[in-house]
Amino acid sequence: MIVLPLFQLRARTLSDQGLKPGLQIHGAMSVDAMHDHQPDDSPPDYDVIIIGAGPAGLAAGIYARRAGLSCVVLEKGVPGGQVMTSPLIENYPGFPEVPGMKLMDVMAEHARRYVDIREGEEVTRIRGGERFELTTTNGRMTSKAVILATGSHHRKLDVPGEEGMIGRGVSYCATCDGFFYKRKEVVVVGGGNTALTDALYLHSIDSKVTLVHRRDSFRADKHLQESISRKGIPVLWNTVVEEVLGEDAVKGVRLRDLKTDAVRVMPVNGVFVAVGEVPSNQLAAELGLSMDPGGFVQVDRSYRTNVPCVYAAGDLSGGIRQIVAAVHGGAAAALSAFEDLMNPYFKRS
Ligand code: NAP
């Protein structure tokens, strides 16, 4: 089975729109680089470095640059974050129905009007001090402030067979891999918005999909629950996947009914895991940021962390984990950085 990496799917979507990946609308990168690169060998220095180009990081970039801060957005993959994997978004104001990938392409193109987004550049080390010092996969840079928008990654089921079958029938992204499961039997595991959206998407492309959920009710939005029952998508309630079966490719799942304790094997070709997100907090830990027990960075209402001039927004800072909230957090973090660095007259007491 061929599994297309996400960036290829994205490139395809961009070319469908007649756009090129990495298109610079106003060349913000060269302007920033010229201003910030020192004449000697010292690394480029910015007012603020934003790490992560999901909705929070992109909004932060727009707001920071519009406030006059020199700035760069570093993204280890492609811009968009987790939203890229959502087949359909129905609750982002202004876009009644939009695929996650399309929404994020629009948002990234908007951000590029203002700020350099460096794709494929991962921050491997970060240190605080008089200046923040960052080591990336492309070099070094420094800044007066840092906005962390590193998002979250998929939680795994942690059952036998899962890890070895990733890309061979186990997937965490219905939009990326669903295409390969047309007219095939699949399960989607989970009961949140992601699981139900993924199940609806797979159903719409003619997969034979069954939802497997460990409780007797969903936590997903009512609207999605109604769509699931309207489409007649079967649900196995109070059921967990105990093992993913198969050698070269997924052949089935071993299920346990938590009410009766009965165990059975269900033959399937695909297992889509949608059991939530885990914050990507490694850089936050390096900076000594306070976190809650779930690993989400604690921020105040202005998205300041416990470390001066470090801000966190988006999924990394927890909360309702919606695109609108991430966008708000990114914008608020950038404006807080502006206040802290520039001490504007309207904030002085
Ligand atoms: P989520 O809301 O945290 O739901 C995770 C689901 O997986 C829950 O039903 C949970 O069961 C189940 N689960 C967790 N660990 C499990 C395990 N080990 N085995 C089996 N089941 C397990 O995660 P999400 O759906 O990915 O959503 C993450 C956030 O993004 C949420 O805030 C969500 O609202 C948001 N989101 C929004 C949209 C949208 O609005 N369009 C779309 C996608 C995501 P329990 O219920 O029993 O805990």
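See above for the structure.
Throughout what follows, the structure given in this document is the object of discussion. Source: prediction; values computed, not measured. (Residues numbered from 1 in each chain as written. Predicted model: local features only at pLDDT ≥ 70, side-chain atom pairs only at ≥ 80, totals over all residues. Heavy atoms only, no water.)

## Looking at the site of the ligand
Here is step 1: Around the ligand, 17 residues are found, and the nearest of them are Asn91, Asn193, Thr194, Arg215 and Arg219.
Here is step 2: Protein contact buries 83% of the 900 Å² of open area that the ligand shows by itself.
Here is step 3: Class assignment of the residues belonging to the shell around the ligand gives a composition of 4 nonpolar, 9 polar and 4 charged. (Near = heavy atom within 4 Å. Areas by Shrake-Rupley, 256 points an atom, 1.4 Å probe, with all protein chains shown as cover. Nonpolar A, V, L, I, M, F, W, Y, C, P; charged D, E, K, R; others polar.)

## Topic: the packing of aromatic side chains
Here is step 1: All chains considered together, the criterion is met by 5 aromatic pairs.
Here is step 2: Ring centres of Phe179 and Phe180 lie 5.6 Å apart, and the angle between their planes is 85°; this geometry places the pair in the edge-to-face category. (Phe/Tyr/Trp six-rings, centres within 6.5 Å; stacked < 30°, edge-to-face > 60°.)

## Comments concerning the state of the cysteines
Here is step 1: In total, this model carries 1 disulfide according to the counting rule given.
Here is step 2: For Cys173, the disulfide goes to Cys176, at an S-S distance of 2.0 Å. Handedness here is read from the sign of the S-S torsion; for Cys173 and Cys176, about 75°, the answer is right-handed.
Here is step 3: Note on Cys176: relative accessible area 10%, which makes it buried. (Disulfide = S-S within 2.5 Å. Buried < 20%, exposed > 50% of the residue type's maximum accessible area, 1.4 Å probe, protein only.)

## Concerning helix H3 (residues 55-66)
Here is step 1: Its 12 residues place the ends of H3 17 Å apart at the C-alpha level, agreeing with the 16 Å of an ideal helix rising 1.5 Å per residue.
Here is step 2: Of all 12 residues in H3, 9 are buried, a share of seventy percent or more.
Here is step 3: Along H3, the residues that are buried comprise Pro55, Ala56, Gly57, Leu58, Ala59, Ala60, Gly61, Ile62 and Ala64.
Here is step 4: Tucked inside the fold, the buried residues of H3 contact strand S1 (45-51), strand S2 (71-75), helix H4 (100-112), strand S3 (116-119), strand S6 (139-148) and helix H9 (323-342). (Helix = DSSP H or I, 4+ residues; strand = E, 2+ residues; numbered from the N terminus. Expected span 1.5 Å × (residues − 1). Contact = heavy atoms within 4.5 Å.)

## Observations concerning helix H6 (residues 193-204)
Here is step 1: The end-to-end C-alpha distance of H6 is 16 Å, a good match for the 16 Å that 12 residues give at a rise of 1.5 Å each.
Here is step 2: Residues of H6 that are buried include every one of Ala195, Leu196, Thr197, Asp198, Ala199, Leu200 and Leu202, and no others.
Here is step 3: Against helix H5 (174-177), strand S9 (185-189), strand S10 (208-212), helix H7 (222-231) and strand S15 (270-273) lie the buried residues of H6.
Here is step 4: Phi turns positive, to about 80°, at Asp206, one or two residues after H6.

## Side note on the packing of H3 against H9
For any two helices packed against each other, the geometry comes down to the angle between their axes and how far apart the axes lie.
Here is step 1: Where H3 meets H9, the axes come as close as 7 Å, and the angle between the chain directions of the two elements is 35°. The two elements H3 and H9 cross, and the hand of that crossing is right-handed. Where H3 abuts H9, its residues Pro55, Ala56, Ala59, Ala60, Tyr63 and Ala64 lie against Ile323, Ala326, Val327, Gly330, Ala331, Ala334 and Leu335.
Here is step 2: By residue class, the composition of the contact of H3 with H9 is 12 nonpolar, 1 polar and no charged. (Axes fitted to C-alpha atoms, helices over the stretch in contact; angles between N-to-C directions. Left-handed = near helix turned anticlockwise from the far one by under 90°.)

## A word on the sheet that holds strand S14 (residues 263-267)
Here is step 1: Read across the sheet, 3 strands follow the order S12-S13-S14 without closing on themselves; strand pairing throughout is antiparallel. Two strands lie at the open edges of the sheet, namely strand S12 (239-246) and S14, each paired on one side alone. Taking the axes of each pair of neighbouring strands and ignoring which way they run, one obtains an average angle of 30° across the sheet.
Here is step 2: By the bridge criterion, 5 bridges tie strand S13 (residues 250-257) to S14 in an arrangement that is antiparallel. Pairing of Arg256 across the sheet is with Val263, part of S14. (Pairing = 2+ DSSP bridges.)

## Overview of the pairing of S6
Here is step 1: Taken across its 10 residues, S6 has 7 buried, putting it largely inside the fold.
Here is step 2: As paired elements, S1 and S6 share 6 bridges and run parallel to each other. Within S6, the position partnered with Val48 by the bridge is Ala145.
Here is step 3: Here 5 bridges tie strand S5 (residues 132-136) to S6, and the two strands are oriented antiparallel to one another. Opposite Thr136, over in S6, you have Gly139 as the bridge partner.
Here is step 4: In sequence, S5 turns back onto S6 through a hairpin of 2 residues.
Here is step 5: By the bridge criterion, 3 bridges tie S6 to strand S17 (residues 310-312) in an arrangement that is parallel. Note that in S17 the partner of Val146 across the bridge is Val310.

## Re the nonpolar core
Here is step 1: Val48, Leu58 and Ile147 are the most contacted members of the largest nonpolar core, which totals 37 residues.
Here is step 2: Mapped onto this core, the elements with two or more residues apiece are S1, H3, S2, H4, S6 and H9.
Here is step 3: The leading source of residues in this core is H9, at 7 residues.
Here is step 4: What Ile147 contacts, discounting residues up to four positions off in sequence, is Val48, Ile49, Ile50, Ile51, Ala60, Tyr311, Ala333 and Ala334.
Here is step 5: With 21 residues, the next largest nonpolar core counts Val146, Leu148, Leu283 and Leu287 among its residues. (Core = buried A, V, L, I, M, F, W, Y, C linked by side-chain atoms within 4.5 Å.)

## Comments concerning the environment of Phe179
Here is step 1: Here Phe179 is to be found in the loop between H5 and S9.
Here is step 2: In the structure, Phe179 is positioned 27 residues away from Asp206 in sequence and 9.3 Å away in space, judged by C-alpha atoms.

## Brief notes about the environment of Lys222
Here is step 1: Considering the arrangement of structural elements, one finds Lys222 in helix H7.
Here is step 2: A residue is classified by how much of its surface remains accessible, and Lys222, at 57% relative accessible area, is exposed.
Here is step 3: Counting along the chain gives 29 residues from Lys222 to Asn193, while the straight-line C-alpha distance between them is 9.6 Å.

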